[in-house]
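Descriptive analysis of the structure
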Number of protein chains: 2
Amino acid sequence: MKKVVKFGGSSLASAEQFKKVADIIRQDENRRFVVPSAPGKRFKTDTKVTDMLYQCYALAEEGQNIHKALQEIAERYEEIIRGLSLKLSLKEEFEEIEKKFTGLAGKDYAASRGEYLNGIVLAAYLGFPFVDAAEIIRFDEDGNFDGNTTQDLVSGKLGTMDAAVVPGFYGAKPDGSIQTFSRGGSDVTGSIVAKGIHADLYENWTDVSGFLVADPRIIKNPEVIETITYRELRELAYMGATVLHEDAIFPVRREGIPINIRNTNDPEAPGTLIVENTCRTPKYTITGIAGKKGFASISIDKAMMNAEIGFGRKVLQVFEDNGISFEHMPSGIDTMTVFVHQSEFEEKEQRVLAGLHRAVDPDSIDLESDLALIAVVGRGMRATRGTAGRIFSALAHAHVNVKMIDQGSSELNIIIGVRNHDFELAIKAIYDIFVSAQL
Amino acid sequence: MKKVVKFGGSSLASAEQFKKVADIIRQDENRRFVVPSAPGKRFKTDTKVTDMLYQCYALAEEGQNIHKALQEIAERYEEIIRGLSLKLSLKEEFEEIEKKFTGLAGKDYAASRGEYLNGIVLAAYLGFPFVDAAEIIRFDEDGNFDGNTTQDLVSGKLGTMDAAVVPGFYGAKPDGSIQTFSRGGSDVTGSIVAKGIHADLYENWTDVSGFLVADPRIIKNPEVIETITYRELRELAYMGATVLHEDAIFPVRREGIPINIRNTNDPEAPGTLIVENTCRTPKYTITGIAGKKGFASISIDKAMMNAEIGFGRKVLQVFEDNGISFEHMPSGIDTMTVFVHQSEFEEKEQRVLAGLHRAVDPDSIDLESDLALIAVVGRGMRATRGTAGRIFSALAHAHVNVKMIDQGSSELNIIIGVRNHDFELAIKAIYDIFVSAQL
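Note on numbering: residues in each chain are counted from 1, in written sequence order. Chain labels run from A onward and ligand labels from 1 onward, assigned in the order the entries are written. Where local features are concerned, this predicted model is filtered to residues with pLDDT of at least 70; where side-chain atom pairs are given and counted, the filter is 80 or more; whole-chain, interface and lining totals use all residues. Values reported for side chains reflect all heavy atoms of the structure, with hydrogen atoms and water molecules removed beforehand.

Details of the relation of the copies chain A and chain B
Here is the rule we go by: In superposing the copies, a least-squares fit is computed on C-alpha atoms, taking residues whose pLDDT is at least 70 in both. The criterion used for residue contact is that any of the two residues' heavy atoms lie within 4.5 Å.
Relative to chain B, chain A is turned by 180 degrees and slid 0.0 Å along the rotation axis, the superposed coordinates differing by an RMSD of 0.1 Å. Such values leave the two copies arranged in the relation of a two-fold axis. When the interface residues of chain A are mapped onto chain B, 100% of them again lie at the interface, so the same face is used by both copies.

Let's talk about the interface of chain A and chain B
Which entries qualify depends on this criterion: Put simply, buried area is the surface a 1.4 Å probe can reach on two separate parts but cannot reach once they are joined, added for both. Salt bridges are counted wherever a side-chain nitrogen of Lys or Arg sits within 4 Å of a carboxyl oxygen of Asp or Glu.
Between chain A and chain B, the contact holds 59 residues from the first and 59 residues from the second. When the two sides are added together, the surface that chain A and chain B hide from each other amounts to roughly 5,000 Å², 54% of it contributed by carbon and sulfur. The tally of links from chain A across to chain B stands at 6 salt bridges. For Asp301(A), the salt bridge goes to Arg231(B), with nearest N and O atoms at 2.8 Å.

Side note on the UniProt feature "binding site: substrate" (unreviewed entry) in chain A
Residue and element names in this part refer to chain A. Short version of the rule: UniProt positions are given in the numbering used here, feature names are shortened, and annotations may be inferred rather than shown by experiment. Secondary structure counts use DSSP, requiring at least four H or I residues in a row for a helix and at least two E residues in a row for a strand, with both numbered from the N terminus. Only protein chains enter the area calculation, which uses a 1.4 Å probe; residues under 20% of their type maximum are buried, those over 50% are exposed, and those in between are partly exposed. What qualifies as a polar contact is a pair of N or O atoms within 3.5 Å, subject to a donor-acceptor requirement within protein and to the restriction that residues adjacent in sequence count only when both atoms come from side chains.
Mapped onto the present numbering, the UniProt feature "binding site: substrate" (unreviewed entry) falls on Thr50 and Glu115. With the annotated positions falling across 66 residues, the maximum pairwise C-alpha distance of 8.3 Å places them together in a single cluster. Looking at the element boundaries, Thr50 is found in helix α2 (residues 49-61). The buried category is assigned to Thr50, whose relative accessible area is 6%. Not counting residues up to four positions away in its chain, the partners in contact with Thr50 are Ala38, Ala111, Glu115, Phe169 and Arg183. Structurally, Glu115 can be placed in helix α5 (residues 107-126). Non-local contacts of Glu115, meaning those with residues more than four positions away in its chain, are made with Pro36, Ser37, Ala38, Thr50, Pro167, Gly168, Phe169, Tyr170 and Ser186. Of the polar contacts made by the side chain of Glu115, one reaches the backbone nitrogen of Ala38; its length is 3.1 Å.

Here's the deal with the environment of Ala199(B)
All names here are of chain B. Within the element layout of this structure, Ala199 appears in the loop between α8 (186-196) and β6 (201-206). In this structure the C-alpha to C-alpha distance between Ala199 and Asn30, which are 169 residues apart in sequence, comes to 9.8 Å. Apart from residues lying up to four places away in sequence, Ala199 is in contact with Lys2, Val4, Ala194 and Ile257.

Details of the domain arrangement of chain A
All names here are of chain A. To be explicit about the condition: Domains are outlined according to an automatic or database domain assignment.
Domain parsing of chain A yields domain 1 (3-275) and domain 2 (288-438). Between the C-alpha centres of domain 1 and domain 2 the distance comes to 37 Å. Between domain 1 and domain 2, the residue contacts involve 19 residues of the former and 20 residues of the latter. Carbon and sulfur atoms supply 67% of the area buried between domain 1 and domain 2, which totals about 1,700 Å² over both sides. On the domain 1 side of the interface with domain 2, the three residues burying the most area are Ile218, Glu232 and Met239, jointly 39% of the side's total. The tally of links from domain 1 across to domain 2 stands at 1 salt bridge. With a closest N to O distance of 2.8 Å, Glu232 and Arg379 form a salt bridge. Counting every contact that joins domain 1 to domain 2 gives 8 residue pairs in polar contact (both at pLDDT 80 or more). Listed by contribution, the elements that provide at least two residues to the side of domain 1 that touches domain 2 are β7 (227-229) and α9 (230-238).

Considerations on the nonpolar core
Note the cut-off: Definition used in this section: a nonpolar core is a set of buried Ala, Val, Leu, Ile, Met, Phe, Trp, Tyr and Cys residues joined via side-chain atoms within 4.5 Å.
Residues Phe392(A), Leu158(B) and Phe392(B) are the most contacted members of the largest nonpolar core, which totals 247 residues. In this structure Phe392(A) touches Val402(A), Ile405(A), Ile414(A), Ile416(A), Gly386(B), Ala388(B), Gly389(B) and Phe392(B), once residues within four positions along its chain are discounted. Grouped together as the second largest cluster of nonpolar side chains are 42 residues, Val338(A), Ala296(B), Ile300(B) and Phe311(B) included.

Observations concerning α5(A)
All names here are of chain A. Going by this rule: The span you would expect from a helix comes to 1.5 Å times its residue count less one. To get the bend at a residue, fit one axis to the 7 residues ending there and another to the 7 starting there, then take the angle between the axes.
Spanning 20 residues, α5 covers 30 Å between terminal C-alpha atoms, matching the ideal 28 Å at 1.5 Å per step. Taking the largest bend as the criterion, α5 deviates by roughly 35 degrees, centred on Arg113. Most of α5 is tucked away: 17 of the 20 residues are buried. Positive backbone phi, at 75 degrees, marks Gly127, one or two positions downstream of α5.

Structure follows, in structure tokens:
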């Protein structure tokens, strides 16, 4: 059994956190391939090392001396090394970095050094070999991730090894220049490594005890989701609930490797298991609730529109021509409503209206803004009758006016439109009826 | 105050029914313009005069002698004339009809004679002048209704009259040849006359006591809707609930003339008032429930589809290219479902699937057939929180699996998808919770 373990920035922010990480790794002999992030914040007002690196590189670009700024970064690592009583010097590495920064080796190179250095420290502390991600994670000349080459390199290199530390977040182009994933990309590295070595499990260690049923800024101490499918995760993530980098799902998903979200600060908690599919009965009917504010709706009325073949297509064409993607398009009889992101729509509003009038000659068009969309997601909804009834009764009880309901035949989710100012109230009401009421 | 009163076929099927009609007209001096249908069925297994005329004309087209068949029709009128003790002979009219039938004057001419003759009888019985609809209802050369010319003719002719009987269902082209509306078109004539003379009310007398909250074949003795807006009526009619001919709404709607559906056999019942808008609080939260069976759903899954501008448009383009109109398109995250009429879809199924694969390269496509759509319609839903909750709780309680929910921001209706075999059960559950529970 092989496990890839990825640790986030807060899990590796200090010597104390490093010790927890090492304890976790030593507790399970299957945890042999480790992907570290750069040191994160040690306290709320602290600065992440990656941000310090960006700032330092910005100085270099302005032609300023960066020695002092780099020293501050070096001190972050020295503090960890001292705290772990390691005999390790990063002097050479920092000299190299100073040279490359001054030579303007690129913003991606700069950003990647946080993980690179943290990987060296963690490898030394664990006694594991260090493998530079630049050797095995490959991007093409245009900067697109090259999955096939990477797969060969990862399995070729790590396949022969018993254990390794591979820094997250970056890789290299064919010419050796460093390229990073988007922010939070260490999750992606962990997923790629897991796929490359055909791991049985990808453990993603963070500072939360898993994926939460609802946003903790809205619900105080929400329950942790025990098991979630990739599909459910994707739906909740799309609606704003994020723990994992979005691109981290696809490599392992295709291989059927589960992801286990764990908490470095509470290693006994089982966390959340993300799986392709499961027979496990979910604890609650709903798996999670997520949502976003800032939508607008455009309602188009026209008598006999259903009889006009092409009506809906023409409506969507107008939005497409204006570069606006639509979120949902509920329709009644002689009426069709298009939900869009308010920010995308606002500046093009009058052009869209004019376009709609030209395209489909509607009887009337109504606009409504400041709307929020909420997704109630759960594979358990399929087996449980009355979920919709409970949702809408709870919302009515909470005096929330439901502006839109959209449930396709997947029965995995219900999308609800409410006013922005009812957003938190609506999420609380749904959480309470499905979770609090069951505790 | 001027009222146009239209009487349906069953209201004028016999002398006894004629007497009821005359009583109704005499009871209110504002009822001065009367639009009759042809005599309908006197009993369940009876044949409508219009159907007898069609059959008779078919004989003429086959070159057979029609004298006997026409005599049977004449006997229907003679029976009424005798029953009313009228001194009226239709001998000349029937000679003319026999000549025209033999000369193959057209199917529309043939069909129109039921209303024509009934108009003559009713005018004689009421002592009102008879105005042939061919004089004032005009179609163009291509057979399309000519609203402007008709408006001038109707207001010119009837505007100077104190009372008149105008047979329903037909008019004439510029060359004088007879053309009918589609079956049930006397409703349209009544509406056109009401518009033409700027009536205050269009009374449509039938054999039901108004528009029913639900289909009486599903709900035993359903409640009558007191007041319904044109919009609500259109939504219910679209979903299969019909009392009025669809085209009868538009002429009066544009003029703001209410329609009152009344029952000739129960003239004291207030019936249903169809209005443009009303402040009257509806008796129940919902105005009506209607639905149709025979839909299919095509669910298209594709990761990240929402990020693809044009995805929805391309999907609808495929249906449009195959000449299939879509009813609803609920969407979740990474999933979009298109509801279509099963009969339209079935034969083109594989072409649509191939088209979808080519157009949007989906991860998967699921089909489901034998679905029904139910529309719960009501202006009262806007003011009443919790309607959706009550609907879905009731459906859950009745063990109905909800396959689709679609509610736009109009808040005037909720569309629900269920399996065909749950259709009646679902309508009963909704009727009971909103109507029976309140009685």
